[in-house]
Amino acid sequence: MGHIIAIDGPAGAGKSTIARALAARLGYTYIDTGAMYRAIALWAARQNIALDEAHRIEQLARAADFALPPGRILLNGEDVSESIRTPEISGAASKVAAIGAVRAALVEKQREMAAQANIVMEGRDIGTVVFPAARVKIFLDADASERVRRRSADQPEVPADALARQIAERDARDRGRAESPLVQAPDAVYLDSTGLTPDQVVEEILRIVRTRISNGHSE
Ligand code: DC
């Protein structure tokens, strides 16, 4: 098992931007686990499987073949990176992610991905469930209004008040579910990115990485 940097936090906290930049700086593999839940939600929608058909969705999660080249996701060989970013799939992914058996299937795949490489993995349960022994755990947060502003920049076509509602609903579901809810691991460092540039956040995490992984020595 390589080194693992776990980054968890709510929607719009900047996890993807930060995790991708951090992985590039360290030469680690970047893994966006939210994209995996989104891809299962997309596959279910295409198959007309309702979100309460837990067993059928679990079967998709078990059968799914993922490849995650930097910043993209391939589901069964098809690049679905853009198709998974619609508001409908965001909502559906959060519902799919509440199904325990779906989580079990995807967590197994996430653990396999870390068997060979050093990774930066982002999601909601990476430091608590997927890799509870990760050396570096960051809980990345930002003010609700800033998180809506950031998502607005990605999705200018959605009115800001609708986006604010969607994010609030999704966070409430992700934090309130019975299975692996979004919660800060006791040994995670809480980092509030409100008002910070991505570079500043990455530098701060690199400082934490140096203390926790290399401890001042090169490896
Ligand atoms: O990070 P994201 O917005 O792409 O994630 C999509 C949904 O998937 C989100 O509502 C919560 C869920 N998710 C999860 O439950 N566990 C993860 N490790 C990653 C995402």
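Our subject in this report is the structure included herewith. Everything quoted here is computed from the prediction, not taken from an experiment.

### Quick word on the nonpolar core
Then step 1. Formed by 40 residues in total, the largest nonpolar core has its most connected members in Phe66, Ile73 and Phe131.
Then step 2. The set of elements that each furnish at least two residues to this core consists of strand S1 (4-8), helix H2 (33-46), helix H3 (54-63), helix H4 (87-96), helix H5 (100-113), strand S6 (119-123) and helix H6 (126-130).
Then step 3. No other element matches the nine residues that H2 contributes to this core.
Then step 4. Look past the residues within four positions of Phe66 in its chain and what remains in contact with it is Met36, Ala39, Ile40, Ile73, Leu74, Leu75, Leu106, Lys109 and Met113.
Then step 5. With 21 residues, the next largest nonpolar core counts Ala13, Leu191, Val201 and Ile213 among its residues.

### Structural notes on the environment of Asp174
Then step 1. Positionally, Asp174 belongs in helix H8 (residues 160-176).
Then step 2. On the basis of relative accessible area, Asp174 is assigned to the buried category, the value being 4%.
Then step 3. Separated by 35 residues in sequence, Asp174 and Phe139 have C-alpha atoms that sit 14 Å apart.
Then step 4. Leave out the neighbours within four places in its chain, and Asp174 touches Ser94, Arg124, Pro181 and Leu182.

### Side note on H8
Then step 1. Taking 1.5 Å as the rise per residue, H8 with 17 residues should run 24 Å; its terminal C-alpha atoms sit 24 Å apart, in good agreement.
Then step 2. Here H8 has its buried residues at Ala162, Leu163, Ile167, Arg170, Asp171 and Asp174. Along the axis of H8, the buried positions cluster into a sector of 160 degrees, meaning they face one direction only. Those residues of H8 that are exposed and angled more than 90 degrees off the buried face are Asp161, Arg165, Ala172 and Gly176.
Then step 3. Those residues of H8 that are buried are in contact with H2, H4 and helix H7 (144-154).

### Looking at the pattern of salt bridges
Then step 1. Using the criterion set out here, one finds 15 salt bridges in the structure.
Then step 2. Its salt-bridge partner being Arg72, residue Glu82 comes within 3.1 Å of it at the nearest N-O pair. Here Glu82, found in the loop between strand S5 (78-79) and H4, pairs with Arg72, found in the loop between strand S3 (66-67) and strand S4 (74-75); they are ten residues apart in sequence, far enough to count as distant.
Then step 3. Judged by its relative accessible area of 57%, Glu82 is exposed.
Then step 4. Since its relative accessible area comes to 32%, Arg72 is described here as partly exposed.

### Regarding the environment of Ser94
Then step 1. With respect to the helices, strands and loops of the structure, Ser94 is situated in helix H4.
Then step 2. Under the relative-accessibility criterion, Ser94 is labelled buried at 3%.
Then step 3. For the pair Ser94 and Ile7, spaced 87 residues apart in sequence, the C-alpha to C-alpha distance is 18 Å.
Then step 4. Those residues in contact with Ser94, other than ones at most four positions away along the chain, are Arg170, Arg173 and Asp174.
Then step 5. In terms of polar contacts, Ser94 uses its side chain to reach the side chain of Asp174, at 3.0 Å.

The rules we used
Residues numbered from 1 in each chain as written. Predicted model: local features only at pLDDT ≥ 70, side-chain atom pairs only at ≥ 80, totals over all residues. Heavy atoms only, no water. Core = buried A, V, L, I, M, F, W, Y, C linked by side-chain atoms within 4.5 Å. Buried < 20%, exposed > 50% of the residue type's maximum accessible area, 1.4 Å probe, protein only. Helix = DSSP H or I, 4+ residues; strand = E, 2+ residues; numbered from the N terminus. Contact = heavy atoms within 4.5 Å. Expected span 1.5 Å × (residues − 1). Arc of directions from axis to C-beta. Salt bridge = Lys/Arg side-chain N within 4 Å of Asp/Glu carboxyl O. Polar contact = N/O pair within 3.5 Å; in protein donor to acceptor, adjacent residues only side chain to side chain.

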